[in-house]
Amino acid sequence: MRYPSNYSPTAFPSFSRLFEEFFGSDFYDGSTQMRPSINIKEHAEGFELALAVPGFKKEDIKVEVEKNVLKVQSHTGDEQQEASTKYLRREFSARSFERSFTLPETVDVTKIVANYAQGVLTLALPKREAALEPGAKRIAIA
């Protein structure tokens, strides 16, 4: 086959490179370890942290705080298979993730609340009372 003079086989990215660019290497790096995407919002009364972790059961996700570091992690094992099962192709495997966040001093770690719905883990991180900005206060003139 004859190619045009300006043709270069490296000018076209491979499928794996396109896949990585489209989905981002942060989500899946080819191993069983994933790095979930996060959104962090700040409100007057606290912070909201959301992690995209589809396919995990809430029972398999562990959230803990130690020395002002919030750690979210999970590991799912391979499903037990029947001895008579013969796979022609098998791509499901154990998956895990771990993300850690250093919390600001203003977060009240005793009041953190977690919720998991539709593949998104949401953490409400309320601020300590002393860290909340007081409303306007009128000062009397003597």
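Throughout what follows, the structure given in this document is the object of discussion. Counting of residues starts from 1 at the beginning of each chain's written sequence and follows it residue by residue. Two thresholds apply to this predicted model, a pLDDT of at least 70 for residue-level local features and 80 or more for giving and counting side-chain atom pairs, whereas whole-chain, interface and lining totals are computed over all residues. Note that water and hydrogens are dropped before the side-chain values are worked out from all heavy atoms of the structure.

A closer look at the side chain of K127
Worth spelling out the cut-off: Strands here mean DSSP runs of E at least two residues long; helices mean DSSP runs of H or I at least four residues long; both are numbered from the N terminus. Whenever two N or O atoms come within 3.5 Å, that pair is a polar contact, provided that in protein one can donate a hydrogen and the other can accept it, and provided that, for residues adjacent in sequence, both atoms are side-chain atoms.
Relative to the elements of secondary structure, K127 occurs in the segment after β8 (120-126). At 2.8 Å, the side chain of K127 forms a polar contact with the side chain of E42.

Notes on the sheet that holds strand β2 (residues 38-43)
Strand pairing in a sheet is mediated by backbone hydrogen bonds. Such pairs are either parallel or antiparallel. Rules: Two strands are counted as paired when DSSP detects at least two bridges linking them. Every angle, taken between N-to-C directions, lies between 0 and 180 degrees, and every axis is a line fitted to C-alpha atoms, over only the stretch in contact when it is a helix.
Pairing is antiparallel in the open sheet, where four strands are placed in the order β2-β3-β8-β7. Both edges of this open sheet fall to β2 and β7 (113-117), since each of them pairs with a single strand only. Within the sheet, the average angular offset between the axes of one strand and its neighbour, ignoring direction, is 15 degrees. Note that strand β3 (residues 46-52) and β8 share seven bridges and pair antiparallel.

A word on the packing of aromatic side chains
Defined as follows: Any two rings among Phe, Tyr and Trp, with Trp reduced to its six-membered ring, count as a pair given centres within 6.5 Å; such a pair is stacked if its planes are under 30 degrees apart, edge-to-face if over 60, and tilted if neither. Residue exposure (1.4 Å probe, protein chains only): buried if accessible area is under 20% of the type maximum, exposed if over 50%, otherwise partly exposed. Should the NZ of a Lys or the CZ of an Arg lie within 6 Å of a ring centre and within 35 degrees of the ring normal, that charge is described as sitting over the ring.
If you walk through the whole model with that rule in mind, you get one aromatic pair. Ring geometry for F56 against F97: centres 5.1 Å apart, planes inclined by 85 degrees, an arrangement best described as edge-to-face. Of this pair, F56 sits in the loop between β3 and β4 (61-66) while F97 is found in strand β6 (residues 95-102), placing the two residues 41 residues apart along the sequence. Among the residues examined, F56 registers a relative accessible area of 5% and is labelled buried. Since its relative accessible area comes to 1%, F97 is described here as buried. Between the NZ or CZ atom of K127 and the centre of the ring of F47, over which it lies, the distance is 5.3 Å.

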